[in-house]
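Structure assessment
Listed below, chain by chain, are the residues.
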Amino acid sequence: MSAVRRPMSIVVSAVMVASLVSFSTPEVAQAAPINTNSIAAVWDAYNKQYVANASVAANWVGNEANCDAGSVSQKFIDAQIAIMNYYRGLAGLPGVTENKTASAAAQQTALLMDANDSISHYPATSWQCYTAEAGKVAAQSNLAATYNYLDLAALDMGFWMDDLGGSNAPVGHRRWILYPKQLQVGIGNTDGANFRAGVMMLWGVFGMQGGSLTKDVGWPSAGYFPYENLPTVSRRWSFSKAGTDFTNRTVTVTKNGESVPVTIESSEVGYGDNAIVWLMPAQNAPTGGKVDVYNVTISGVTSYDVKVFKASDPLAMTITDISVTQPQELRVGAVVNVTANGSWPAEAIVSYQWYRGSAAINGAVANSY
């Protein structure tokens, strides 16, 4: 079944940005899916792709009073796409790239919203700074607006993925971001005196959609998943599968083996692939390095586990064994080598310290001594 293109918009009054950790070299794009079978791989992706890009500012240069759309920094556009690709990577999807033509159009649409302190997929021709092109793009994009908040790369992406709001029960923003056939996007953003508009153009320029990939998409996705990226505000979980009729399906969820009450909110078609959306109870963050395992079963469709952990905490190393290489006959001056074997994030640094009794030996910090 071909996707029904329905635009979505969201107005919010609260910031949803995870606590930040400093990483000097954020990854601009993630072309391949993230290995969600590995907690270390997910932890690493969260910090390098999400956190490292989350606080990049748009630095808009423009003027709504003069209908000057201006521009935002390329670093901001790259960061927002990197965050989108992080979400897609968790869902097992390939990344998208920027369509420059679409970004220019999205910027004009962001200006239109900013100049009128409102967002609409069908703005009136009487709106200040209205152009036919900007009006058309409004119906081809995810839209967001905030009042008196900084325009950070993670802001709109977080709002769209959470999809809070009475009109957002079908989680259309999220479904377009995770649409398997999405290939390119355009990014526009403004930061007026009190009102800020964000636009992600999804179709309307050749090459933006039309990929051949067909894939089931759950959110939160199967495997290890950061608590910080759960839709904790809307509490809406979803599952998409092309061509599937979810009308009479049931959803059963357990947490660590205990039944969890859920309410189905939507089984609406459109917004990319068909999907079912259910409301979860409030979820608390796992503590003490714990992993909460949610089993999701959708009748006649699928069953999978979501393993939620707190990715903003340091990830403990797992040392499975320590191998020691030494001469057959130990004597003064002989060298002993020690190697730790196990698993840990790519960011972790394995260090060594040799001791004489309980006293550390000064300078003996290599794996051999």
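Cut-offs and rules
Residues numbered from 1 in each chain as written. Predicted model: local features only at pLDDT ≥ 70, side-chain atom pairs only at ≥ 80, totals over all residues. Heavy atoms only, no water. Pairing = 2+ DSSP bridges. Helix = DSSP H or I, 4+ residues; strand = E, 2+ residues; numbered from the N terminus. Axes fitted to C-alpha atoms, helices over the stretch in contact; angles between N-to-C directions. Contact = heavy atoms within 4.5 Å. Parallel < 35°, antiparallel > 145°, perpendicular 65-115°, else oblique. Left-handed = near helix turned anticlockwise from the far one by under 90°. Nonpolar A, V, L, I, M, F, W, Y, C, P; charged D, E, K, R; others polar. Expected span 1.5 Å × (residues − 1). Buried < 20%, exposed > 50% of the residue type's maximum accessible area, 1.4 Å probe, protein only. Salt bridge = Lys/Arg side-chain N within 4 Å of Asp/Glu carboxyl O. Phe/Tyr/Trp six-rings, centres within 6.5 Å; stacked < 30°, edge-to-face > 60°. Lys NZ or Arg CZ within 6 Å of the ring centre and 35° of its normal. Disulfide = S-S within 2.5 Å. Core = buried A, V, L, I, M, F, W, Y, C linked by side-chain atoms within 4.5 Å.

Let's shift gears to the sheet that holds strand β9 (residues 223-226). Across the sheet, which stays open at both edges, the five strands sit in the order β9-β16-β15-β11-β12 with mixed pairing between neighbours. In this open sheet, the two edge strands, each paired with only one partner strand, are β9 and β12 (258-260). Each strand axis lies, on average, 30 degrees off the axis of its neighbour in the sheet, ignoring direction. Pairing of strand β11 (residues 251-255) with β12 involves three bridges; the strand directions are antiparallel. Along β12, the bridge assignment pairs Lys255 with Glu258. Where helix α1 (residues 39-54) meets the sheet, it contacts β9 and β16 (302-309), and its direction lies at approximately 30 degrees from that of β9.

With that settled, consider the packing of α1 against helix α2 (residues 74-90). At a minimum axis separation of 8 Å, α1 and α2 run at an interaxial angle of 155 degrees. Taken together, the axis directions place α1 and α2 in an arrangement best described as roughly antiparallel. Here the hand of the crossing between α1 and α2 comes out left-handed. Contacts from Val42, Ala45, Tyr46, Gln49, Tyr50, Asn53 and Ala54 in α1 reach Ala79, Ala82, Ile83, Tyr86, Tyr87 and Leu90 in α2. Grouping the amino acids of the contact of α1 with α2 by side-chain chemistry returns 11 nonpolar, two polar and no charged.

Here the focus is α2. With 17 residues, α2 extends 24 Å from end C-alpha to end C-alpha; this agrees with the ideal 24 Å at 1.5 Å per step. For α2, the tally of buried residues reaches 14 of 17 residues, placing the bulk of the element in the interior. Downstream of α2 by one or two residues, Gly92 has phi in the positive range, about 80 degrees.

Quick look at the pattern of salt bridges now. Opposite charge on two side chains permits pairing when their charged atoms draw close. Tallied over the full model, the rule gives seven salt bridges. Residue Asp216 is joined to Lys241 by a salt bridge in which the shortest nitrogen-to-oxygen separation is 3.0 Å. Here the residue Asp216 occupies a position in the loop between β7 (195-201) and β8 (217-219), and Lys241 occupies one in the loop between β10 (236-240) and β11, the gap between them amounting to 25 residues. By sharing partners, the salt bridges in this structure join Lys255, Lys290 and Asp292 into a single network.

With that settled, the discussion passes to the packing of aromatic side chains. Counted according to the given criterion, the structure contains 13 aromatic pairs. Measuring from ring centre to ring centre gives 5.7 Å for Tyr87 and Trp219, while their planes differ by 85 degrees; the resulting arrangement is edge-to-face. Of this pair, Tyr87 sits in helix α2 while Trp219 sits in strand β8, placing them 132 residues apart in sequence. Relative to Phe246, the ring of Phe239 lies with its centre 6.5 Å away and its plane at 80 degrees, an arrangement referred to as edge-to-face. What makes Phe246 buried here is its relative accessible area of 2%. Chaining the aromatic ring pairs together yields one cluster made of Tyr46, Tyr50, Tyr86, Tyr87, Trp219 and Phe225. Positioned above the aromatic ring of Tyr224, the side-chain terminus of Lys307 is 5.1 Å from the ring centre.

With respect to the helices and strands, the residue Val137 is situated in helix α4 (residues 132-138). According to the relative accessible area criterion, Val137 is buried, its value standing at 0%. Leave out the neighbours within four places in its chain, and Val137 touches Ala105, Ala106, Thr109 and Met201.

Moving on to the state of the cysteines. Enumeration over the complete set of coordinates arrives at one disulfide. Through a disulfide, Cys67 is tied to Cys129; the S-S separation comes to 2.1 Å. Between Cys67 and Cys129, the disulfide has an S-S torsion of -85 degrees and is therefore left-handed. Of this pair, Cys67 sits in the loop between β2 (61-63) and β3 (68-71) while Cys129 sits in the loop between α3 (100-115) and α4, and the two are 62 residues apart along the sequence. Taking the relative accessible area as the measure of exposure, Cys67 reaches 36% and is therefore partly exposed.

Ranked by size, the top nonpolar core spans 63 residues in total, and within it Tyr87, Leu178, Met200 and Trp278 carry the most contacts. In terms of residues, this core owes the most to one element, α2, which gives nine residues. Setting aside anything within four residues of it in sequence, one finds Leu178 in contact with Tyr87, Arg88, Ala91, Leu93, Met161, Val217 and Trp219. Counting residues in each nonpolar core, the second largest holds 18 residues, with Ala105, Ala110, Trp127 and Met208 among its members.

Where burial is concerned, most of β7 is hidden: seven out of the seven residues are buried. On β7, burial covers both faces: Phe195, Ala197, Val199 and Met201 on one face and Arg196, Gly198 and Met200 on the other are all buried. Across seven bridges, the pairing between strand β5 (residues 141-147) and β7 is antiparallel. By the bridge assignment for β7, Thr146 is matched with Arg196. For strand β6 (residues 184-189) and β7, the ladder comprises four bridges, and the chain directions are antiparallel. Within the sheet, the bridge partner assigned to Gly186 lies in β7 and is Met201. Connecting β6 to the next strand, β7, in antiparallel fashion are five residues.

Nothing here speaks to function; it is geometry throughout.
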